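Coordinate inspection notes
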Amino acid sequence: MALPWTLHGDGKTVKPGKIVAPGERLTWPRTIGIGAQHVIAMFGATFLVPVLTGFPPSTTILFSGIGTILFLIITKNKLPSYLGSSFAFIAPVQAAVASHGQESALFGIIVVGITLALIGVLVNWTGVGWINKLMPPVVAGTIVALIGFALGPAAWINAKEGPITALVTLLAVVLSTVLFRGILGRLSIFIGVLVGYAFAAIRGEINFKAVGDAAWIGLPDLHLPGNPFVDAGLWAVLPAFIPVVLVLIAENVGHIRGVAEMVDQPKLNKLTGRALIADGVATIVAGSGGGSATTTYGENIGVMAATRIYSTAAYWVAGIVAILLSLSPKIGAIITTIPQGVLGGVTTALYGLIGIVGVKIWLDNKVDFSLPKNQFTAATALIVAVGQFVFTFDGISFNSIALGAIAAIVIYHVMNVIGRWRGTDGGDASLDTGSTSTKTPSAH
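Right, let's walk through the structure included here.

Conventions used here
Residues numbered from 1 in each chain as written. Predicted model: local features only at pLDDT ≥ 70, side-chain atom pairs only at ≥ 80, totals over all residues. Heavy atoms only, no water. Helix = DSSP H or I, 4+ residues; strand = E, 2+ residues; numbered from the N terminus. Rg over C-alpha atoms; globule rule 2.2 N^0.38 Å. Buried < 20%, exposed > 50% of the residue type's maximum accessible area, 1.4 Å probe, protein only. Contact = heavy atoms within 4.5 Å. Areas by Shrake-Rupley, 256 points an atom, 1.4 Å probe, with all protein chains shown as cover. Lys, Arg positive; Asp, Glu negative; His and termini not counted. Charge placed at Lys NZ, Arg CZ, Asp CG, Glu CD. Arc of directions from axis to C-beta. Polar contact = N/O pair within 3.5 Å; in protein donor to acceptor, adjacent residues only side chain to side chain. Salt bridge = Lys/Arg side-chain N within 4 Å of Asp/Glu carboxyl O. Phe/Tyr/Trp six-rings, centres within 6.5 Å; stacked < 30°, edge-to-face > 60°. Lys NZ or Arg CZ within 6 Å of the ring centre and 35° of its normal. Axes fitted to C-alpha atoms, helices over the stretch in contact; angles between N-to-C directions. Parallel < 35°, antiparallel > 145°, perpendicular 65-115°, else oblique. Left-handed = near helix turned anticlockwise from the far one by under 90°. Nonpolar A, V, L, I, M, F, W, Y, C, P; charged D, E, K, R; others polar. Patch = residues over 30% accessible without salt bridge, like charges linked within 9 Å, V, L, I, M, F, W, Y side chains within 5 Å. Core = buried A, V, L, I, M, F, W, Y, C linked by side-chain atoms within 4.5 Å. Expected span 1.5 Å × (residues − 1).

Time to look at the overall build of the protein. Across its full length, the protein carries 21 helices and 6 strands. Taken over C-alpha atoms, the radius of gyration comes to 21 Å for the protein, in line with the 22 Å a tight globule of 444 residues would show. In the protein, which comprises 444 residues, the proportion classed as buried is 57%. For the protein, the share of sequence-separated contacts (at least 6 apart) that also reach a separation of at least 24 residues comes to 81%. Accessible surface for the protein amounts to roughly 18300 Å². Of this, 69% is attributable to carbon and sulfur atoms. Averaging the locations of the 25 positively and 19 negatively charged side chains of the protein gives two centres separated by 11 Å.

Written out as structure tokens, the structure is:
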């Protein structure tokens, strides 16, 4: 069977002003090299999520590779994307693990995946207009921002366990961003982890016994989700998970619009429904085997922008390489030895960057904060998240991210309806929704 890609030019070079389109490729050695770069780009963020949530890193990397391949298949091999670990799940997963164990977190991940896939089916039928109305830029930006800022206390919990190491790691992240050009400059989180890890090793903060004991080749640990029909208590974790669906929608829509614009193929936006279905299916598969939930990765958009190569062939390579990496328990053991100080330093920057992505959505869409409905939407939701508000009703607990997301949607739409009725809204901040973007910063 013939492969679906045509060779770009001579397959060796990309001329100035030209790009390698999704349906094209360079020679296979070059394509493999680009695919390896995509693995490096996603790795820094993807392995951090399981480390922060207590999931097996190798398992998460396995399902990120499988998820990427599923995404390519479901989107008809037309949409270049890597599916890495979603940071939007960190808080609900941590809460679920603490209260009901890892099985409950996997159940929550699967429910989110099912919900996202069903929304994808709906979008395939209706288009994305209703999503833009439900989450205009002020709401989308607020939900993304509050997730990053709500995780701030978690960064401090890690940082205070090794403050010097955390400081060195943070400085490495910041400085590598401006010291290096091109791909290296986009891998600042990964570089920061490497520098912090080396510094911690010199200080004797790492125990390498588990690394020595681990085999070079072996299957990753797989875990089954809990069954809510056997343990009814699992349903209690869902209020913390469901709002994450809004973030995944925004991330996928932003990713597709960004890629469509960069390759000058507006028709790719028609794949939005398929992309949501694909991410939903990948998340279901990951949750079914003990992996972290997935989402499209902005880090890999950075690689494409730097190389001008948007070939989906490179993503097939990346997915396969990730799967192969997951089959080495020794690599997984190395990842689990990362000390808390390193995690604290890197997440201080990382969580803040996620918050700033939300702010960028406001700026890109020229959200008018002179309008009370926009002021109260953002202000209330952010304080709910940063203040770590929790609401418990009849044994079901809503964490600060869930409450903040709900507050953003409800406040905006209630004020918008009443304002229009009373003629006090001062304008409509949802007119410009076409450029809403929630690309993850250099590490999701």
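Below, the discussion takes up helix α8 (residues 152-159). All of the buried residues along α8 are Ala-154, Ala-155, Asn-158 and Ala-159. In an axial view of α8, the angular spread of the buried residues amounts to 135°, which keeps them on one side of the axis. Of the surrounding elements, those touching the buried residues of α8 are α2 (48-53), α9 (163-179) and α19 (340-364).

All right, on to the environment of Asn-365 then. Looking at the element boundaries, Asn-365 is found in the loop between α19 and α20 (372-386). Given the relative accessible area of 4%, Asn-365 is considered buried. Separated by 358 residues in sequence, Asn-365 and Leu-7 place their C-alpha atoms 38 Å apart. Among the polar contacts made by the side chain of Asn-365, one reaches the main-chain carbonyl oxygen of Ile-361 at a distance of 2.8 Å.

In this structure the tally under the stated criterion is 2 salt bridges. Glu-205 is paired through a salt bridge with Arg-203; the nearest N and O atoms lie 2.9 Å apart.

Let us look at unusual backbone geometry. In this structure, Lys-76 is a non-glycine residue whose phi angle is positive, near 60°. By secondary structure assignment, the location of Lys-76 is in the loop between α3 (57-74) and β3 (83-85). The exposure class assigned to Lys-76 is partly exposed, which follows from its relative accessible area of 46%. Even without a glycine there, the phi angle at Asn-77 is positive, about 65°. As for its position among the elements, Asn-77 is in the loop between α3 and β3.

With that out of the way, let us pick up the packing of aromatic side chains. Counted according to the given criterion, the structure contains 6 aromatic pairs. Seen in terms of ring centroids, Trp-5 and Trp-28 are 5.9 Å apart; in terms of plane orientation they differ by 85°. Their pairing is edge-to-face. Within this pair, whereas Trp-5 is found in the segment before β1 (6-7), its partner Trp-28 is found in helix α1 (residues 28-46), the two being separated by 23 residues in sequence. Here Trp-5 falls in the buried class, since its relative accessible area comes to 11%. Between Lys-330 and the ring centre of Trp-216, over which it is positioned, the NZ or CZ distance is 5.1 Å. Above the face of the Trp-421 ring, Arg-422 is positioned so that its terminal group lies 5.7 Å from the ring centre.

One can describe the packing of α20 onto helix α21 (residues 400-422) by two numbers: an axis separation of 8 Å at closest approach and a directional angle of 165°. It follows from the interaxial angle that α20 and α21 lie roughly antiparallel. Viewed along their axes, α20 and α21 form a crossing whose handedness is right-handed. Contacts between α20 and α21 pair Pro-372, Lys-373, Asn-374, Phe-376, Thr-377, Thr-380, Ala-381, Val-384 and Ala-385 from the former with Ser-400, Leu-403, Gly-404, Ala-407, Ala-408, Ile-411, Tyr-412, Met-415 and Asn-416 from the latter. Considered class by class, the residues forming the contact of α20 with α21 number 11 nonpolar, 6 polar and 1 charged.

Where like charges cluster on the molecular surface, the positive patch consists of Lys-76, Lys-78, Lys-267 and Lys-270. Along the chain, Lys-267 falls in the loop between α14 (244-262) and α15 (272-289). Exposure remark for Lys-267: the relative accessible area of 59% places this residue in the exposed category.

Counting residues in hydrophobic clusters, the biggest one holds 106 residues, and the most contacted among them are Phe-87, Phe-89, Met-135, Ile-143, Phe-241, Ile-249 and Tyr-351. Broken down by element, this core gets its largest block of residues, 11 residues, from α14. Apart from residues lying up to four places away in sequence, Phe-241 is in contact with Phe-89, Pro-92, Val-93, Ala-96, Ala-105, Gly-108, Ile-109 and Val-112. One finds Val-14, Val-20, Leu-26 and Ala-314 within the second-largest nonpolar core, a separate group that totals 6 residues.

With respect to the helices, strands and loops of the structure, Gln-102 is situated in helix α5 (residues 102-126). Judged by its relative accessible area of 19%, Gln-102 is buried.

With that settled, the discussion passes to α20. Between its first and last C-alpha, α20 extends 21 Å over 15 residues, near the 21 Å set by a 1.5 Å rise per residue. Burial in α20 covers these residues: Lys-373, Asn-374, Thr-377, Ala-378, Ala-381, Leu-382, Val-384 and Ala-385. In an axial view of α20, the angular spread of the buried residues amounts to 160°, which keeps them on one side of the axis. Packing partners of the buried residues in α20 comprise α7 (137-150), α19 and α21.

This part covers a nonpolar patch on the surface. A cluster of nonpolar side chains, contributed by Leu-167, Leu-171, Leu-175, Val-178, Leu-179 and Phe-180, occupies part of the molecular surface with about 600 Å² of accessible area. In this fold, Leu-179 is placed in helix α9. Note on Leu-179: relative accessible area 63%, which makes it exposed.

The next thing to look at is the environment of Ala-117. Structurally, Ala-117 can be placed in helix α5. In this structure Ala-117 comes out as buried when scored by relative accessible area, which is 12%. Separated by 143 residues in sequence, Ala-117 and Ala-260 have C-alpha atoms that sit 21 Å apart. Sequence-distant contacts of Ala-117, defined by excluding residues within four places in its chain, comprise Leu-276, Ile-277, Gly-280 and Val-281.

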